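Reading the structure
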Amino acid sequence: MAYETILVETRGRVGLLTLNRPKALNALNSTVLREVVEALQAFEADAAVGAIVVTGSEKAFAAGADIREMQPKSYIDMYMEDFFSGWDALGRVRKPIIAAVSGYALGGGCELAMMCDFIIASDTAKFGQPEITLGVMPGMGGSQRLTHFVGKSKAMDMCLTGRMMDAAEAERSGLVSRVVPAADLLDEALKAAAKIAAFSLPAVMMTKEAVNRSYETTLTEGLRFERRVFHAMFALEDQKEGMAAFVDKRSPNFRNR
Ligand code: CAA
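As the structure is a prediction and not an experimental result, all values here were calculated from the model. (Residues numbered from 1 in each chain as written. Predicted model: local features only at pLDDT ≥ 70, side-chain atom pairs only at ≥ 80, totals over all residues. Heavy atoms only, no water.)

1. Things to note about a nonpolar patch on the surface
The grouping of Tyr75, Ile76, Tyr79 and Met80 at the surface amounts to a nonpolar patch, some 550 Å² of accessible area in total. By the element assignment, isoleucine 76 lies in helix H3 (residues 75-81). (Patch = residues over 30% accessible without salt bridge, like charges linked within 9 Å, V, L, I, M, F, W, Y side chains within 5 Å. Areas by Shrake-Rupley, 256 points an atom, 1.4 Å probe, with all protein chains shown as cover. Salt bridge = Lys/Arg side-chain N within 4 Å of Asp/Glu carboxyl O. Helix = DSSP H or I, 4+ residues; strand = E, 2+ residues; numbered from the N terminus.)

Structural data, given as structure tokens:
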């Protein structure tokens, strides 16, 4: 499939999606949205893919939603189109997605990274929700997800001042899982994805579902959900294989990958 604004390839069992609108610093317009959703759904449907990496360029993961596209719109346009609701499709991808972020991840770029399951950042990464400087506020989940990631005080600071956070601060505050040198970013993200893709895919998908559940429910309900899913895993042949391999002191050969 030929795309206009993204590049798509597979590396072993890893699906790699690269945002590719260099002249606009990967600003997320409706073509990018449509293509990202299509590509992720294709990876989701492809049994040969076990994990996904979403990345941008060295200078910009994505500098936000496309301001030029939004600028002429009225309230009724935004409301009737349910603008940005297309991004909700990312929440329905059940395979794990790693965001590999270098350079600017601003506005919708930061929000796209946060829609992924975890973020690996290069030491040049800069995160921010600068919508306030445009007379608006985050619209792709930033006011909610950033608050979950970094807490109220820092989320308020970021959303109300529009300032950027560097990679060290992002790691300190729990927004990113690790920071690596810029030159190693893609390799590190692909390595992490390949590691995940070598595990039992149903176990990986259930784990993702359980961690995500913690954002949507009470602790009691979340613990109950975890226990039920954990019990259900004993119906997987990969549980038999994984535990037998440990007991036999050998590497597991997971079949459901
Ligand atoms: N939308 C559209 N075009 C964008 C863009 C965006 N979000 N960000 C950058 N561009 C374009 C610029 O207009 C410019 O295009 P031209 O060469 O045709 O003028 C090109 O990308 C390069 O950008 P700059 O010349 O500005 O590059 P720079 O290195 O001087 O600055 C930057 C980089 C600090 C990231 C700056 O581009 C910038 O501030 N961009 C906007 C960031 C922003 O406000 N993002 C939030 C968008 S709103 C949003 O995302 C809403 C939401 O909640 C989802």
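2. Notes on the packing of aromatic side chains
Summed over all chains, the structure comprises three aromatic pairs. The interplanar angle of 50° and the centroid separation of 4.8 Å between the aromatic rings of phenylalanine 83 and phenylalanine 84 together place this pair among those described as tilted. Each of the two residues, phenylalanine 83 as well as phenylalanine 84, counts as buried. Aromatic side chains phenylalanine 230 and phenylalanine 234 sit 5.3 Å apart centroid to centroid with 75° between the ring planes, which places their arrangement in the edge-to-face category. Under the relative-accessibility criterion, phenylalanine 230 is labelled partly exposed at 47%. The lysine or arginine in question, arginine 213, covers the ring of phenylalanine 225, its NZ or CZ lying 3.9 Å from the ring centre. (Phe/Tyr/Trp six-rings, centres within 6.5 Å; stacked < 30°, edge-to-face > 60°. Buried < 20%, exposed > 50% of the residue type's maximum accessible area, 1.4 Å probe, protein only. Lys NZ or Arg CZ within 6 Å of the ring centre and 35° of its normal.)

3. Focus on helix H5 (residues 142-150)
Of the positions making up H5, those classed as buried are Gly142, Leu146 and Val150. End-on view of H5: buried residues confined to an arc of 25°, all on one side of the axis. Among the structural elements, helix H4 (108-115), helix H6 (152-161) and strand E9 (164-166) are those in contact with the buried residues of H5. Looking one or two residues past H5, glycine 151 carries a phi angle of roughly 90°, positive in sign. (Arc of directions from axis to C-beta. Contact = heavy atoms within 4.5 Å.)

4. Some points on the site of the ligand
Of all residues adjacent to the ligand, which total 25 residues, the nearest are Lys59, Ala65, Gly108, Glu131 and Gly139. Glutamate 131 places a side-chain nitrogen or oxygen 2.7 Å from an oxygen atom of the ligand. For the ligand, whose free accessible area comes to 980 Å², the fraction covered by protein is 66%. Elements represented by at least two residues in the shell around the ligand include exactly helix H2 (67-70), strand E6 (104-106) and H4. Per-element tally for the shell around the ligand: the top contributor is H2, with three residues. When the residues that make up the shell around the ligand are grouped by side-chain class, the tally is 15 nonpolar, four polar and six charged. (Near = heavy atom within 4 Å. Polar contact = N/O pair within 3.5 Å; in protein donor to acceptor, adjacent residues only side chain to side chain. Nonpolar A, V, L, I, M, F, W, Y, C, P; charged D, E, K, R; others polar.)

5. Some remarks on the domain arrangement of the protein
Per the domain assignment, the segments making up the protein are domain 1 (6-197) and domain 2 (200-248). Each of domain 1 and domain 2 has a C-alpha centre, and these two points are 27 Å apart. Each partner contributes residues to the interface: domain 1 has 10 residues there, and domain 2 has six residues. Connecting domain 1 to domain 2 are one salt bridge. Of the charged contacts in the structure, one is a salt bridge between aspartate 117 and lysine 208, with a shortest N-O distance of 2.8 Å. Class assignment of the residues belonging to the side of domain 1 that touches domain 2 gives a composition of five nonpolar, two polar and three charged. (Domains from an automatic or database assignment.)

6. Notes on the pattern of salt bridges
A complete count under the given rule lists 12 salt bridges for this structure. When the shortest N-O distance is used, the salt bridge between lysine 73 and glutamate 81 registers 3.0 Å. When its relative accessible area of 26% is taken as the criterion, lysine 73 is described as partly exposed. The network of salt bridges with common partners includes Lys154, Asp157, Arg163 and Glu169.

7. Let's talk about the sheet that holds strand E8 (residues 126-128)
Taken together, four strands build an open sheet; the order of strands is E4-E6-E8-E9 and the sheet is mixed. Edge strands, defined here as strands with exactly one partner in the open sheet, are strand E4 (60-62) and E9. Averaged over neighbouring strand pairs, the angle between their axes works out to 20° when direction is ignored. Note: E4 against E6, two bridges, orientation parallel. (Pairing = 2+ DSSP bridges. Axes fitted to C-alpha atoms, helices over the stretch in contact; angles between N-to-C directions.)

8. Describing the packing of H4 against H5
The contact between H4 and H5 brings their axes to 10 Å, and the two run at 55°. Here H5 runs oblique to H4, going by the angle between their axes. Between H4 and H5 lies a crossing of left-handed hand. Here Glu111, Met114 and Met115 of H4 come into contact with H5, specifically with Gly142, Arg145, Leu146 and Phe149. In the contact of H4 with H5, the residues fall into four nonpolar, one polar and two charged. (Parallel < 35°, antiparallel > 145°, perpendicular 65-115°, else oblique. Left-handed = near helix turned anticlockwise from the far one by under 90°.)

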